[in-house]
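The lines below spell out each chain.
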Amino acid sequence: MTQPTTKICILGGGFGGLYTALRLSQLPWESTPKPEIILVDQSDRFVFSPLLYELLTRELQTWEIAPPYSELLQETGIQFYQSTVSAIDINQQRVQLANKSELNYDHLVLALGGETPLDLVPGATDNAYPFRTIIDAYRLEERLRILEAKNPEKIRVAIVGGGYSGVELACKLADRIGQKGRFRLIEVGDQILRTSPEFNREAAKKALDSKGVFIDLETKVVAIEKDSISLEYKSQVDTIPVDLVIWTVGTKVSPVVTALPVKQNQRGQITTTPQLQVLEHPEIFALGDLADCLDAEGKQVPATAQVAFQQADYTAWNIWAAITNRPLLPFRYQPLGEMMALGIDNATLTGLGVQLDGSFAYLARRLAYLYRLPTLNHQLKVGFNWLFSPIIQAISQ
Ligand SMILES: Cc1cc2nc3c(=O)[nH]c(=O)nc-3n(C[C@H](O)[C@H](O)[C@H](O)COP(=O)(O)OP(=O)(O)OC[C@H]3O[C@@H](n4cnc5c(N)ncnc54)[C@H](O)[C@@H]3O)c2cc1C
Ligand SMILES: NC(=O)c1ccc[n+]([C@@H]2O[C@H](COP(=O)([O-])OP(=O)(O)OC[C@H]3O[C@@H](n4cnc5c(N)ncnc54)[C@H](OP(=O)(O)O)[C@@H]3O)[C@@H](O)[C@H]2O)c1
Ligand SMILES: C/C(=C\Cc1cc(O)c2ccccc2c1O)CCC[C@H](C)CCC[C@H](C)CCCC(C)C
C-alpha cells in the first residue's frame, strides 16, 4: 500500500513563508517521498519590503521588488493559493480560506507577518497613510501625485515614527519632492533610531539635516484630522496644518493569529521553542513578525526581515528533519548588521566590522539586497536590469 503524501501548509508568503517554501523544495527528498508544499498568501506577489521606498522615488519598479508568486514558484513543485486565511482549527489540523475552501495539513507554518496599527490615535485610520504593503505604497504614490499636480507652493508632510521606516521614508520623500517639501519627523522618544548603531544614527541625522527635515523629539501625536495633526510636547498641544500624514509606528499581529488557542505574549505574538515550534504543537512552526522567539542562546530575536529570512532556513530544515526522523536544530540568530536608505544615492551600513555611508553604502546595500532577493532567476533578471538599463538609457538619450 502507498503511504499518503505528507502535506505542509505555509500561511503567508513573505520573508518567513516564501523562503521556507523555497528552501523546503530544495532539500533532499530521496529517501522519503517529496511532501506536498502549499503556500497561501492574500496577495499575488511577494514584497521585498526593504526596497519598498524605491517605488516612491522611481528608482525601482514593481516587478523588481514585488515579483508574482507564479514567477517565483515556477518549476519548484510548490502549489500557490491566493486567498486570505480566515481561520485555523489547530485541533482538526485545518485552515479555512476566505474563498470558502479548506486545506488540511500534517505540518503547518505560521508566517502571516504583522499589520500596522492605525487605531492608536484618533483620526489615524481615516487620515493617515501606513507604509507596509504594495497597496500602501500605491495609495501613497497616488496621494503624492495629487499633491504634486496641484502645484502648491509647499507640500507639508508629517511622518510619525523616528524608527527605520520613518527615517528612510523622510529621506526618500525629501529627495522626491525637493524644495517644495516641508517635512516633520515626529518621534515620541528623546532620539531617533533608538536601536541603531551610533554610526548609522549619526549618518541618518546628517542626511535628514541636509534635506531640511525637521525632527520633533519627545513629541506625541494626539490626533490626526483631514488637514491637520495635533502634537503634544511638554504637556502642550499644538495643531499644525498638513497635507499628508504617514504613520510608521508599531506592528500588531492579525486577528486570525490572536484567535489561536496557543501561548502568546502581550503583543499577541506566538511563543515558540528555539526549534521554532509552537508550544504543545510540534506539528506547527511559527516565524517572523508573528513569533516570540528566544534563540538557541536564549536571546530574544527582533521582528525583522533579517531574522525571518534566517528562521526560514531552520524552519525548512526542521520540517524536513521531523519528516525524516532526524534531530531538530535550535535557531541560531546571526545579527549581520543593518542598512538604511538615506535618499537617492545615499545610505548607511554597519555590519561585519564594516561601516559605510554615502554612495558606497548605497551600492553595497543594493548589492546585499540583490543577493537576498528570492530565486536565482529573479536575482539575475534584476541584476541585469540594474547593470544594463543605465547603459540603454544613456544610449537612447
Ligand atoms: C517599509 C519597510 C521596510 C523594512 N525594511 C527592513 C529592512 O531593511 N531590514 C529588515 O530586516 N527588516 C525590514 N522591515 C521589516 C520586515 O519587513 C519584516 O520584519 C518582515 O517582512 C517579517 O517577515 P514575515 O514573514 O513575518 O512577514 P511579511 O514579510 O510581512 O509576510 C507576511 C505575508 O503574509 C501575508 N498575509 C498576511 N495576512 C494574511 C492572511 N490573513 N491571509 C493570507 N495571507 C496573509 C502577507 O500578504 C505577506 O505576504 C521593513 C518593514 C517595512 C514595513
Ligand atoms: N533598514 C532597516 O533595517 C529597517 C527598515 C524598516 C523596518 N525595519 C524593522 O521593522 C520593524 C519595524 O520598524 P519601523 O521603523 O517600521 O517601526 P518601529 O520600530 O515601531 O519604529 C517606530 C518609531 O516610532 C516611535 N513611536 C512609537 N510610538 C510613537 C508615537 N505615538 N508617536 C511618535 N513616535 C512613536 C518609536 O519609539 P520607541 O522606539 O521609543 O518606542 C520608534 O522610534 C523593526 O523591527 C525594524 O528593525 C528595519
Ligand atoms: C548588514 C547586512 C546584512 C544584514 C541584513 C539586513 C537586512 O535589512 C536584511 C533584509 C532582508 C534579508 C536579509 C537582511 C540582512 O541579512 C549586509 C552586510 C554587508 C557587508 C558589510 C558587506 C557588503 C559588501 C558589498 C556587497 C560589497 C560592495 C562593496 C562596495 C561597493 C564598496
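Residues numbered from 1 in each chain as written. Chains lettered and ligands numbered in written order. Predicted model: local features only at pLDDT ≥ 70, side-chain atom pairs only at ≥ 80, totals over all residues. Heavy atoms only, no water.

Thoughts on the site of ligand 1
Here comes step 1: Close contacts around ligand 1 come from 27 residues, with G16, D41, S49, V85 and D289 the closest.
Here comes step 2: A distance of 3.2 Å separates an oxygen atom of ligand 1 from a polar atom in the backbone of F15.
Here comes step 3: At 3.0 Å from an oxygen atom of ligand 1 is found a main-chain nitrogen or oxygen belonging to Q306.
Here comes step 4: Protein contact buries 84% of the 990 Å² of open area that ligand 1 shows by itself.
Here comes step 5: Counting residues per element, the ones that place at least two in the shell around ligand 1 are helix 1 (15–26) and helix 10 (305–323).
Here comes step 6: In terms of residues, the shell around ligand 1 owes the most to one element, helix 10, which gives three residues.
Here comes step 7: For the shell around ligand 1, a count of residues per class yields twelve nonpolar, twelve polar and three charged. (Near = heavy atom within 4 Å. Polar contact = N/O pair within 3.5 Å; in protein donor to acceptor, adjacent residues only side chain to side chain. Areas by Shrake-Rupley, 256 points an atom, 1.4 Å probe, with all protein chains shown as cover. Helix = DSSP H or I, 4+ residues; strand = E, 2+ residues; numbered from the N terminus. Nonpolar A, V, L, I, M, F, W, Y, C, P; charged D, E, K, R; others polar.)

A look at the nonpolar core
Here comes step 1: Judged by nonpolar contacts, the single largest core of 80 residues is most densely connected at L18, L24, F131, L140, V167 and I246.
Here comes step 2: It is helix 10 that provides the largest number of residues to this core, a total of nine residues.
Here comes step 3: Leaving out residues up to four positions away in the same chain, L140 has contacts with L56, Y129, F131, L169, L244 and I246.
Here comes step 4: L11, I88, I90 and Y105 belong to the second-largest nonpolar core, a separate cluster that totals 24 residues. (Core = buried A, V, L, I, M, F, W, Y, C linked by side-chain atoms within 4.5 Å. Buried < 20%, exposed > 50% of the residue type's maximum accessible area, 1.4 Å probe, protein only. Contact = heavy atoms within 4.5 Å.)

Re the confidence of the model for the protein
The predicted coordinates ought not to be read in detail in places where the model reports low pLDDT.
Here comes step 1: Taken as a whole, the protein shows an average pLDDT of 96; of its residues, 99% reach a score of 70 or greater.
Here comes step 2: Interface confidence for the predicted complex, expressed as ipTM, amounts to 0.96; the pTM equals 0.96. (pLDDT = per-residue confidence, 0-100.)

With respect to unusual backbone geometry
Here comes step 1: With a phi angle near 50 degrees, L193 is a residue other than glycine that sits in the positive phi range.
Here comes step 2: Of note, L193 is situated in the loop between strand 10 (181–186) and helix 8 (198–210).
Here comes step 3: Even without being a glycine, L352 presents a positive backbone phi close to 50 degrees.
Here comes step 4: Position of L352 relative to the elements: it lies in the loop between strand 21 (347–351) and strand 22 (354–357).

Some words on helix 10
Every α-helical turn comprises 3.6 residues, leaving residues that sit three or four positions apart pointing alike.
Here comes step 1: Here helix 10 spans 27 Å end to end across 19 residues, near enough to the 27 Å set by a 1.5 Å rise per residue.
Here comes step 2: N325 occupies a position one or two residues after helix 10 and carries a positive phi of about 55 degrees. (Expected span 1.5 Å × (residues − 1).)

Looking at the site of ligand 2
Here comes step 1: Around ligand 2 sit 19 residues, and of these S165, E187, R194, A303 and M339 come closest.
Here comes step 2: Contact between ligand 2 and Y164: an oxygen atom at 3.0 Å from a main-chain N or O atom of the residue.
Here comes step 3: Within the residue set of the shell around ligand 2, elements represented by two or more residues are helix 7 (164–177) and strand 20 (338–341).
Here comes step 4: The leading source of residues in the shell around ligand 2 is helix 7, at three residues.
Here comes step 5: The class makeup of the residues in the shell around ligand 2 is nine nonpolar, seven polar and three charged.

Examining the sheet that holds strand 21
Here comes step 1: Reading across the sheet, the three strands line up as 20-21-22 and stay open at both edges, with antiparallel pairing between neighbours. The sheet is open, and its two edges are formed by strand 20 and strand 22, each paired on a single side. When the angles between neighbouring strand axes are averaged without regard to direction, this sheet yields 0 degrees.
Here comes step 2: Note that strand 21 and strand 22 share four bridges and pair antiparallel. Note on strand 22: the bridge partner recorded for L349 is L356.
Here comes step 3: Running over the sheet, helix 8 touches strand 20, strand 21 and strand 22 and is turned about 175 degrees from strand 21. (Pairing = 2+ DSSP bridges. Axes fitted to C-alpha atoms, helices over the stretch in contact; angles between N-to-C directions.)

Notes on the packing of aromatic side chains
Here comes step 1: Within this structure, the stated rule accounts for 13 aromatic pairs.
Here comes step 2: On the basis of an interplanar angle of 65 degrees and a centroid distance of 5.1 Å, the ring pair of Y19 and F309 is categorised as edge-to-face. Remark: F309 occurs in helix 10 and Y19 occurs in helix 1; sequence separation between them is 290 residues.
Here comes step 3: Looking at F309, the relative accessible area reads 15%, which means it is buried.
Here comes step 4: A cation over a ring is seen here: R23 above F309, with NZ or CZ 5.9 Å from the ring centre.
Here comes step 5: The residue whose ring lies beneath R366 is W386, and the NZ or CZ to ring-centre distance is 4.6 Å. (Phe/Tyr/Trp six-rings, centres within 6.5 Å; stacked < 30°, edge-to-face > 60°. Lys NZ or Arg CZ within 6 Å of the ring centre and 35° of its normal.)

Structural notes on the packing of helix 11 (residues 358–372) against helix 12 (residues 376–396)
Here comes step 1: It is at 9 Å that the axes of helix 11 and helix 12 come closest, and there the two elements cross at 155 degrees. Compared by their axis directions, helix 11 and helix 12 come out roughly antiparallel. Considering how the two elements wind past one another, helix 11 and helix 12 form a crossing that is right-handed. Contact with helix 11, carried on its side by R366, L370, Y371 and R372, involves Q379, V382, G383 and W386 of helix 12 and no other residues of that element.
Here comes step 2: Split into classes, the residues belonging to the contact of helix 11 with helix 12 amount to four nonpolar, two polar and two charged. (Parallel < 35°, antiparallel > 145°, perpendicular 65-115°, else oblique. Left-handed = near helix turned anticlockwise from the far one by under 90°.)

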